[in-house]
Amino acid sequence: MSTKFINYRIGIRNLLDTLGKEHPKYLYAVNFESQLSENLHDVEAYGDNENYRTIRNKIIYQINQLALQTIQKTFNELSKPAPIQIKPNSPSYQETIWQEFQEPEMSFVSPGSFIMGSPPVLDPDAFDDEYPLHIVDLKGFYIATTTVTNLQYAIFILQAGHNPPNYWQNSVPSKTIHNHPVVDISWYDAVKFCNWLTELTEKPYRLPTEAEWEKAARGVNAQLFPWGNKYEDNYANTREYQLNKTVAVDEFPKAKSPYDVINMAGNVYEWTSSLWGSTMQKPQFHYPYTPNDGREIFDAPSDTLRIIRGGAFSRQKRYARCACRDKLLPKSHRSNVGFRLVLSV
């Protein structure tokens, strides 16, 4: 899924901010913003076509001419400016973060059935809550190719006024971890980020169900790891990798899933929307996975555990298997738990 639409929004916002309300051409820019927003809304609702592209190109040409005439910059420069060195606490920090921000890249998971679960007879590392092996049919959906990064989360913090993770220095992430997964965030934090990005982009971002997560990780044929049935030492950031901290979200490109999704084994656990139940020992919601049996209730009590998936840098490879289910209270913050986004079709 292209990131250019959010760049268009950033570009027109930068033009408006630079002109200021007192500028004689400000209302022209406001008019172009309205036209562009309407076009992008139609495209995201009904799909792009030649007519929409023709209209959009005309609007962008007019915006570009206005930007050149007023501030001597092109619309492309406003949308994708050259990277600027981050200086935490500097007045330009918010502007700089916006310039580096990109909407998550998404991969399409086609509709249809897949094999969910992993019984001990086929997988000696399987836990009791992973069986019976069963067929689950899902609608098509988009899933982010990587987990949400510290940089992407920083925009949310700045715009929504949300509390930053504790490990950030001076409430901003270090430049060295911009492309690492954001961690130390609760399930509620992740949901708030989804809601914020939905409002920003007018796309219904949300957390994946555990069934969606598992299909995106292993494909339709029940392979044990995203890349196949054999664990590969240099394909995942698990305890065996002996790094004991996060790596960049695109660190293991060869280890992608059948749907070209990266880092679904190790690095950090990922929140899902699915419920485990109220006790740690046994799940309240057993297999087979049935989405309408209460396990996908959004406003469940805060003492009901939610499913996390994927394993982490601090856990053995057994927990990085595609079928492995783990759980955590939604209000919990952990240094090895992040999240990934999905979009319904």
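For the structure given in this document, a descriptive report is provided here.

Calculation criteria
- Residues numbered from 1 in each chain as written.
- Predicted model: local features only at pLDDT ≥ 70, side-chain atom pairs only at ≥ 80, totals over all residues.
- Heavy atoms only, no water.
- Helix = DSSP H or I, 4+ residues; strand = E, 2+ residues; numbered from the N terminus.
- Rg over C-alpha atoms; globule rule 2.2 N^0.38 Å.
- Buried < 20%, exposed > 50% of the residue type's maximum accessible area, 1.4 Å probe, protein only.
- Contact = heavy atoms within 4.5 Å.
- Areas by Shrake-Rupley, 256 points an atom, 1.4 Å probe, with all protein chains shown as cover.
- Lys, Arg positive; Asp, Glu negative; His and termini not counted.
- Charge placed at Lys NZ, Arg CZ, Asp CG, Glu CD.
- Expected span 1.5 Å × (residues − 1).
- Arc of directions from axis to C-beta.
- Polar contact = N/O pair within 3.5 Å; in protein donor to acceptor, adjacent residues only side chain to side chain.
- Salt bridge = Lys/Arg side-chain N within 4 Å of Asp/Glu carboxyl O.
- Pairing = 2+ DSSP bridges.
- Axes fitted to C-alpha atoms, helices over the stretch in contact; angles between N-to-C directions.
- Core = buried A, V, L, I, M, F, W, Y, C linked by side-chain atoms within 4.5 Å.

## Focus on the overall build of the protein chain
A tally of helices and strands in the protein chain yields eight helices and ten strands. Computed over the C-alpha atoms, the radius of gyration of the protein chain is 22 Å, within 12% of the 20 Å expected from 2.2 N^0.38 for a compact globule of 345 residues. Counting only C-alpha atoms, the protein chain reaches 75 × 45 × 40 Å along its principal axes. Here the protein chain holds 345 residues, and the buried ones make up 54% of them. For the protein chain, the share of sequence-separated contacts (at least 6 apart) that also reach a separation of at least 24 residues comes to 73%. Surface exposure of the protein chain reaches about 16300 Å², of which carbon and sulfur atoms provide 49%. Side chains of the protein chain carry 36 positive and 38 negative charges; the gap between the two charge centres is 2 Å.

## Overview of the environment of Tyr142
Inspection of the secondary structure puts Tyr142 in strand β4 (residues 141-144). Sequence spacing of Tyr142 and Ala45 is 97 residues, and the spatial spacing of their C-alpha atoms is 15 Å.

## Quick word on helix α3 (residues 50-71)
Across its 22 residues, α3 extends 31 Å between first and last C-alpha, which sits within 8% of the 32 Å expected from 1.5 Å per residue. Taken together, the buried positions of α3 are Tyr52, Arg56, Ile59, Ile60, Ile63, Asn64, Leu66, Ala67, Thr70 and Ile71. Projected down its long axis, α3 shows its buried positions confined to an angular sector of 165°, all on one face. When the buried face of α3 is taken as reference, the exposed residues oriented beyond 90 degrees from it are Glu50, Lys58, Tyr61 and Gln69. Where α3 begins, the side chain of Asn49 points an oxygen toward the backbone nitrogen of Asn51, at a separation of 3.0 Å. Of the residues trailing α3, Gln72 is marked for its positive phi of about 55°.

## A few points about the pattern of salt bridges
For the coordinates displayed, the defined rule picks out 15 salt bridges. Put simply, Glu210 and Arg325 hold a salt bridge, and the shortest N to O gap is 2.8 Å. Placement of Glu210 in helix α8 (residues 210-218) and of Arg325 in the loop between β7 (305-309) and β8 (326-328) is noted, with a sequence separation of 115 residues between them. Of the residues examined, Arg325 reaches a relative accessible area of 3% and is grouped as buried. When the shortest N-O distance is used, the salt bridge between Lys256 and Asp260 registers 3.6 Å. Accessibility expressed as a relative area gives 39% for Lys256, which makes it partly exposed. Residue classification places Asp260 among the partly exposed residues on the basis of a relative accessible area of 42%. It is possible to trace a salt-bridge network through shared partners that takes in Glu210, Glu214, Arg218, Arg309 and Arg325.

## Re the sheet that holds strand β6 (residues 269-277)
Strand order in the open sheet formed by four strands is β8-β7-β6-β9, and the pairing between neighbours is mixed. Strands at the two margins of the open sheet, each flanked by one partner only, are β8 and β9 (337-339). Looking at each pair of strands side by side, their axes are set apart by 55° on average, direction ignored. Alignment of β7 against β8, held across three bridges, turns out to be antiparallel. What sits directly across from Ile307, in β8, is Lys327.

## Focus: unusual backbone geometry
Of note, the amide linkage connecting Tyr131 to Pro132 takes the cis form, showing an omega dihedral of 15°. Topologically, Pro132 is positioned in the loop between β2 (112-116) and β3 (134-138). The step from Tyr287 to Pro288 runs through a cis peptide bond, and the omega angle for that step is 5°. Within the secondary structure, Pro288 sits in the loop between β6 and β7. At Gln72, a position not held by glycine, the phi torsion is positive, near 55°.

## Re the nonpolar core
Counting 36 residues, the largest nonpolar core has Tyr153, Phe193, Trp271, Phe339 and Leu341 as the members making the most contacts within it. Put simply, the parts of the chain that give this core at least two residues each are α1 (4-19), α6 (150-160), α7 (187-201), β6 and β9. Sorting elements by how many residues they give to this core places α7 first, with eight residues. When residues no more than four places from it in sequence are discounted, the contact partners of Phe339 are Thr147, Val148, Tyr153, Val182, Ile185, Ala190, Phe193, Leu207, Glu270 and Trp271.

## Examining α8
A large share of α8 lies buried, amounting to nine of its nine residues. Listing the buried residues of α8 in full gives Glu210, Ala211, Glu212, Trp213, Glu214, Lys215, Ala216, Ala217 and Arg218.

## Quick word on the side chain of Ser273
Take Ser273: it is sitting in strand β6. Residue classification places Ser273 among the buried positions, given a relative accessible area of 15%. Within polar-contact distance, the side chain of Ser273 engages the side chain of Glu296 at 2.8 Å. Once you skip the residues sitting within four places of it in the chain, Ser273 turns out to touch Trp187, Leu207, Pro208, Thr209, Arg295, Glu296 and Arg306.

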